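# An overview of the molecular structure
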Amino acid sequence: MDSRSTSSRTLPGRESRLAADVGLSDADLIEMYRLVVLARAIDERMWVLNRAGLIPFVISGQGHEGAQVGTAWALEKGKDWIAPFYRSIATCLTFGMSARDIMTAQYATANDPSSGGRQMPGHYGSHEHNILSVSSPVATQLLHAVGIALAAKIRKTGQVAMTSMGEGSSNQGDVHEGLNFAAIHKLPFIFVVENNGYAISVPAAMEVSVADVADRASGYGIPGVVVDGSDVLACYAAARDAVARARAGEGPTLIEAKVTRLTGHSSDDQQTKYRSAEELAAERGHDALPRFREQLRDAGVLTDEIEERLEAKIAALVEDATEYAEAQPDPDPAGATRYVYADVEEPG
Ligand SMILES: Cc1ncc(C[n+]2csc(CCOP(=O)(O)OP(=O)(O)O)c2C)c(N)n1
Ligand SMILES: [Mg+2]
């Protein structure tokens, strides 16, 4: 059974205070931590492979993982929908994609579930897990997610659609149109802004005219919540409340998670050109991974024994995913236009 399906059945007195306070079990917390650590380990491996000339392009989720696992955990796997963006590795893992699924997308293999090697690396998607394929033009996925939420409302399925993107992307016109529509029709929709303070080399103050993107929610008559993206459980609690509102027919919520970008924008960017050494060092202090680890250790949830086991399993998963993806065949060039043009019979 998926550990999340038990999350609302915390046994009083049997779980840590930390877990009980947010309505989760200790097993949930361990699994959330595992996902954060796994996402980081896959990401770090991607950079090594890129620098070794084995994969062409990396766009990293490092610094975003805690917010991604926290928010995605509140949704129901296999029922709800996610329209992710290029940094959403931890979101996709939380929603059911595997390390192999992520790695085959980096290698653009024929059997990559995201697109069979057709999409740019970092454009994850999974038909099996209700994860919409990432589109390269940023913010377009919000419209798709709102459409899914509209369908859910019309069909009365009880599903929720969540999308995520950066604060820079949140300035696109699509966001205004989609939020306005979702708010008017009280759609079961959640908008997560992962604010890492930069859009490539442009700092937030030059992208957004307000300190908090969440302030814009009031312009649509919906709740806007600012949450510390390095606090996994605060992110979970914000998303849990948003899901409850959405399922109750009360409409959308905007969650702004203040995260950090620990790497350059992509493997083609060098952030030391536009960020000082002091700023980059300070970013390390806003990382969810060590913070969550410490929190779980203090609560007695994460022990040496559990941690050793987790580390060994994650190292093996990353190794397996790399070797597996390396060994998979490239897509057949003859199929390059499949799904691009309609397959029409040539006349006579
Ligand atoms: C419509 C559109 N404009 C520009 C780009 C090029 N582009 C890709 S990512 C990016 C920065 C986005 O910044 P932000 O939304 O803050 O996300 P972050 O990369 O910081 O996570 C830009 C300008 C694009 N892909 N689509
Ligand atoms: Mg950004």
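Residues numbered from 1 in each chain as written. Chains lettered and ligands numbered in written order. Predicted model: local features only at pLDDT ≥ 70, side-chain atom pairs only at ≥ 80, totals over all residues.

A tally of helices and strands in the protein chain yields 11 helices and seven strands. In terms of overall dimensions, the protein chain is globule-like: its C-alpha atoms have a radius of gyration of 20 Å, near the 20 Å expected for 348 residues. With the C-alpha coordinates aligned to their principal axes, the bounding extent of the protein chain is approximately 75 × 50 × 45 Å. Buried residues in the protein chain amount to 47% of all 348 residues. (Helix = DSSP H or I, 4+ residues; strand = E, 2+ residues; numbered from the N terminus. Rg over C-alpha atoms; globule rule 2.2 N^0.38 Å. Buried ≥ 20, exposed ≤ 12 C-beta atoms within 10 Å, placed from the backbone.)

Moving on, we come to the sheet that holds strand E1 (residues 81–83). In space, the five strands of this open sheet follow the order E1-E2-E3-E7-E6, with parallel pairing throughout. Of all strands in the sheet, those with a lone pairing partner are E1 and strand E6 (224–228), marking the two edges. Neighbouring strand axes in the sheet, compared pairwise and without regard to direction, differ in orientation by 20° on average. Contacts between helix H6 (residues 140–155) and the sheet are confined to E1, strand E2 (161–166) and strand E3 (189–195), with E2 contributing the most and set at about 170° to the helix. (Pairing = 2+ DSSP bridges. Axes fitted to C-alpha atoms, helices over the stretch in contact; angles between N-to-C directions. Contact = placed C-beta atoms within 7 Å.)

Here we take up helix H10 (residues 288–298). Among the residues making up H10, those that are buried are Ala288, Phe292 and Leu296. Viewed end-on, H10 has its buried residues packed into an arc of 55°, placing them on one side of the element. Turned more than 90 degrees away from the buried face of H10, the exposed residues are Pro290, Glu294 and Asp298. On its buried face, H10 is in contact with helix H2 (26–51), helix H3 (65–73) and helix H8 (232–247). (Arc of directions from axis to C-beta.)

What follows is about the pairing of strand E7 (residues 253–258). Counting buried residues in E7 gives six out of six residues, a clear majority hidden from the surface. Across the two faces of E7 the burial is the same, with Thr253, Ile255 and Ala257 and Leu254, Glu256 and Lys258 all buried. Strand direction decides the pairing type here: E3 and E7, joined by six bridges, are parallel. What sits directly across from Ile190, in E7, is Thr253. Sheet analysis places E6 next to E7, joined by five bridges and oriented parallel.

This part covers the pairing of E2. Across the six residues of E2, six count as buried, placing the element largely inside the fold. What you see with E2 is no split at all: Ala161, Thr163 and Met165 on one side and Met162, Ser164 and Gly166 on the other are buried throughout. Judged from the three bridges that link them, E1 and E2 form a sheet pairing that is parallel. Bridging across to E2, Trp81 finds its partner in Ala161. Across six bridges, the pairing between E2 and E3 is parallel. Looking at the pairing, Met162 lines up with Ile190 of E3.

That is the geometry; function is a separate question.
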